[in-house]
Amino acid sequence: MKRIKQLSRQLINQIAAGEVIERPASVVKELVENSIDAGATRVEVEISKDCLSIRVSDNGSGIHPDDIELAFSKHATSKIENADDLFDIHTMGFRGEALASIISIAKVICTTRTKDFETGTKVECEESNVKSTPAACAIGTTMEVNDLFYNTPVRQKFLKSEKVELSYIAEILQSIAIAHPDISITLINEGKTPLKTSGSGDLLCVLTEIYSNSIAGELKKINKKDELSKLHATGFCSTPDFTRSTKKSIYVFVNNRVVKCPVILKAIDTAYKNMLPAGKYPFVCINLEIPACDVDVNVHPTKKEVRYKNPNQIFNFIYGSIIDALSNFKIQKPDTTDNVVIPFGNYNTINTHGIEQDKKDDDTVYISDDRFDEIKQSNSRQFELEVKQIDLDLQKTVHVEETINIIGQYRNTYIIFEEDTELKIVDQHIADERYIFEQLQENLKKENIPSQLLLISDVLNLEPADVQLLVDNSEKLKRFGYEIQKVSENEIVFKKIPQVISHVKVKDILADILENLHGDLNNLEEQMLVTMSCKAAVKAGAELNLWQMEELIKKWKTTKMPYTCPHGRPIVHSFSEKEIASFFHRTV
């Protein structure tokens, strides 16, 4: 066995660099985070020579000339001083490893100047050796990293193509730009600028700069606070009808730090469950502000992982933040004034015989009580019927804000209607399914789902194992409105079934129940509700009259998640007035 020896400083640094610097993108991340910690408002990253040469310049505070050589030493930092500081981290970096790791595997030139000095300092680093000289430069710091991995050829051999490595760098910079919308981030490669943000401080503006202007209309704002625990979640999440094929568009930040957090990712997945088709993912960028003492960022040298004092609290808070952002289809109670409010577009057949009306910009007609009675007496029978419907709606004290005008039904499956300036097409089955699913969820929260007693029911033959399965889960099934009685070893009979599916044949109901019981019992409640809502909903191909279509749309509009059905299929497709006019070569 060989004798134990002390490793050289260079070899120690190279081993440590393996943990911190995985690829060119790791260098960019560490240097840009240093720029952020230095208070920079503008950071420019230039990449060349197969991504093995990297130049990062900023307008930050710079490095004091007396500290510059120390900055490249192992575990030298200005960001922490003692062990207690590890539990009160407010900077991106703090370990003092990045610069020492970089100069052990690359040739580095650093030019820096603080506002207190007329001239700056130039530092040249190679093989972990550092030498500095005075230099003329602007306030801030420029890091030039050349010949990356020149002395670790094995590491260089494992790198991907220039195009792939550049994409990793772009992804890192996109994440940082989203986490810090107040900092202008620019990426330059071969004279091109694949990424440039303005540093406006407006997150939505940054997202449109990275992606496109069209993304703004697909996003819902996240803004949830918990004063007691001092948690604050901000950002944006996409509606369920705007999806991605990978999880690359899910950006997670903790105190503006880019992290990989299984707790937050699981909360996002759970929030979108039953809203997205299989293999589709949302667009989410969410930043969790949390007291530094409640989160540990000192888990891994790359600082990508975090741990929480109370992970369950974080899960529930993030889950609630996403749900709140998506549940923003507003239903408004009418004002308790002397005026009756009639949505003008809903009752476009009403003839008011020239009576003067106070018509507002939002197409709402306000009619006082005495004038309302006068109109009521002077109009046709059709008007009176519609007024009765208005009275019923007002008694319910629920009034849909938007103006909806039902146009008709296409192939007895899709309801076409006009809402504000958009033409919309809704799948009648899955819209109704979403409404019933949420109603069943509410019933289950309060008590068991309402049942209907069956006076006469067929005796159904089953395998003995299935009969026993139903008996073993009889208490669970009662919660969903089912009461099943065992007749013999291979026979059962239904005594009660849920009211919402009283029209469905018991044989079909039984097949669904067994399928759910043979599946994941931990997910039984969700699957049972999905199955029941699907059976209860109006079917595709069912002819509906105008009133039925309007009622279905009104109910759907009251749902918390009106975007997709419980299976994840999109419910509605919209065409803007501008889009339609453009097709016909018109201008709006």
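Attention in this report is confined to the structure presented alongside it. All values derive from a computational prediction rather than experimental measurement.

Topic: the overall build of the protein chain
A count of helices and strands for the protein chain gives 18 helices and 28 strands. Across the 588 residues that make up the protein chain, the buried fraction comes to 45%. With the model as given, the accessible surface of the protein chain reaches about 31400 Å², and the carbon-plus-sulfur share is 49%.

A short note on the environment of asparagine 412
On the secondary structure map, asparagine 412 appears in the loop between strand 21 (404-410) and strand 22 (414-419). Taking the relative accessible area as the measure of exposure, asparagine 412 reaches 28% and is therefore partly exposed.

Thoughts on the packing of helix 15 (residues 506-517) against helix 16 (residues 524-536)
For the pair helix 15 and helix 16, the least separation of the axes is 10 Å and the interaxial angle reads 155°. When the axis of helix 15 is compared with that of helix 16, the two are roughly antiparallel. At the point where helix 15 passes helix 16, the crossing takes the right-handed sense. From helix 15, Asp508, Asp512, Ile513, Asn516 and Leu517 reach across to helix 16, where they touch Leu524, Gln527, Met528, Thr531 and Lys535. Per-class residue counts for the contact of helix 15 with helix 16 are four nonpolar, three polar and three charged.

A look at the pairing of strand 7 (residues 184-189)
Regular strands have side chains that alternate between both faces of the sheet. The element strand 7 is extensively covered by neighbouring structure, given that six of its six residues are classed as buried. Of the two faces of strand 7, the one lined by Ser184, Thr186 and Ile188 and the one lined by Ile185, Leu187 and Asn189 are each fully buried. Across six bridges, strand 1 (residues 42-48) lies against strand 7 in parallel orientation. Note on strand 7: the bridge partner recorded for glutamate 46 is isoleucine 188. As paired strands, strand 7 and strand 8 (residues 192-196) are joined by three bridges and run antiparallel to one another.

Points about the nonpolar core
Formed by 57 residues in total, the largest nonpolar core has its most connected members in Val32 and Phe72. The greatest single-element share of this core, amounting to nine residues, is contributed by helix 6 (residues 162-179). The residues touching valine 32, leaving out its near neighbours within four places in the chain, are Val43, Val45, Val56, Leu173, Ile176 and Ile185.

Focus on a nonpolar patch on the surface
On the surface, Leu453, Leu455 and Ile456 cluster together to form a nonpolar patch covering roughly 420 Å² of accessible area. With respect to the helices, strands and loops of the structure, leucine 453 is situated in strand 24 (residues 451-453). We classify leucine 453 as exposed; its relative accessible area is 53%.

Observations concerning the packing of helix 8 (residues 262-271) against helix 9 (residues 311-326)
For the pair helix 8 and helix 9, the least separation of the axes is 8 Å and the interaxial angle reads 40°. Judged by the angle between their axes, helix 8 and helix 9 are oblique. You can see that helix 8 and helix 9 cross each other, and the crossing is right-handed. Residue-level contacts link Val263, Ile264, Lys266, Ala267, Ile268, Thr270 and Ala271 of helix 8 to Pro311, Ile314, Phe315, Ile318, Tyr319, Ile322 and Ile323 of helix 9. Class assignment of the residues belonging to the contact of helix 8 with helix 9 gives a composition of twelve nonpolar, one polar and one charged.

Things to note about the pattern of salt bridges
Close approach of charged atoms lets side chains of opposite charge pair. All chains considered together, the criterion is met by 21 salt bridges. Note that glutamate 419 is salt-bridged to lysine 557, the shortest N-O span being 3.0 Å. Placement of glutamate 419 in strand 22 and of lysine 557 in helix 17 (residues 546-557) is noted, with a sequence separation of 138 residues between them. Each member of the pair, glutamate 419 together with lysine 557, is buried. Between lysine 486 and glutamate 489 there is a salt bridge, with the nearest N and O atoms lying 3.4 Å from each other. A relative accessible area of 35% means that lysine 486 is categorised as partly exposed. Given the relative accessible area of 55%, glutamate 489 is considered exposed. Bridged by salt links that share partners, the residues Glu419, Glu422, Lys424 and Lys557 form one connected network.

With respect to the sheet that holds strand 7
Taken in spatial order, the eight strands of this open sheet run 5-4-3-6-2-1-7-8, and their pairing is mixed. Only two strands of the sheet have a single neighbouring strand rather than two, namely strand 5 (129-135) and strand 8. Averaged over all neighbouring strand pairs, the angle between strand axes comes to 15°, with direction disregarded. Here five bridges tie strand 2 (residues 53-58) to strand 6 (residues 140-146), and the two strands are oriented antiparallel to one another.

A short note on the sheet that holds strand 9 (residues 219-226)
Spatially, the five strands line up as an open sheet ordered 9-10-13-11-12, and their pairing is mixed. Across the chains shown, the open sheet's two edge strands, defined by having one partner strand only, are strand 9 and strand 12 (257-258). Note: strand 11 (residues 250-254) against strand 12, two bridges, orientation antiparallel. Residue pairing in the sheet places valine 254 in a bridge with arginine 257 of strand 12. Here helix 8 sits on the sheet in contact with strand 11 and strand 13 (284-289), set at roughly 135° to strand 11.

Observations regarding the pairing of strand 26 (residues 483-488)
Where strand 26 meets strand 27 (residues 491-498), five bridges bridge the pair, whose relative direction is antiparallel. Each bridged residue has a counterpart across the sheet, and for isoleucine 484 the counterpart in strand 27 is phenylalanine 494.

Conventions adopted
Residues numbered from 1 in each chain as written. Predicted model: local features only at pLDDT ≥ 70, side-chain atom pairs only at ≥ 80, totals over all residues. Heavy atoms only, no water. Helix = DSSP H or I, 4+ residues; strand = E, 2+ residues; numbered from the N terminus. Buried < 20%, exposed > 50% of the residue type's maximum accessible area, 1.4 Å probe, protein only. Areas by Shrake-Rupley, 256 points an atom, 1.4 Å probe, with all protein chains shown as cover. Axes fitted to C-alpha atoms, helices over the stretch in contact; angles between N-to-C directions. Parallel < 35°, antiparallel > 145°, perpendicular 65-115°, else oblique. Left-handed = near helix turned anticlockwise from the far one by under 90°. Contact = heavy atoms within 4.5 Å. Nonpolar A, V, L, I, M, F, W, Y, C, P; charged D, E, K, R; others polar. Pairing = 2+ DSSP bridges. Core = buried A, V, L, I, M, F, W, Y, C linked by side-chain atoms within 4.5 Å. Patch = residues over 30% accessible without salt bridge, like charges linked within 9 Å, V, L, I, M, F, W, Y side chains within 5 Å. Salt bridge = Lys/Arg side-chain N within 4 Å of Asp/Glu carboxyl O.

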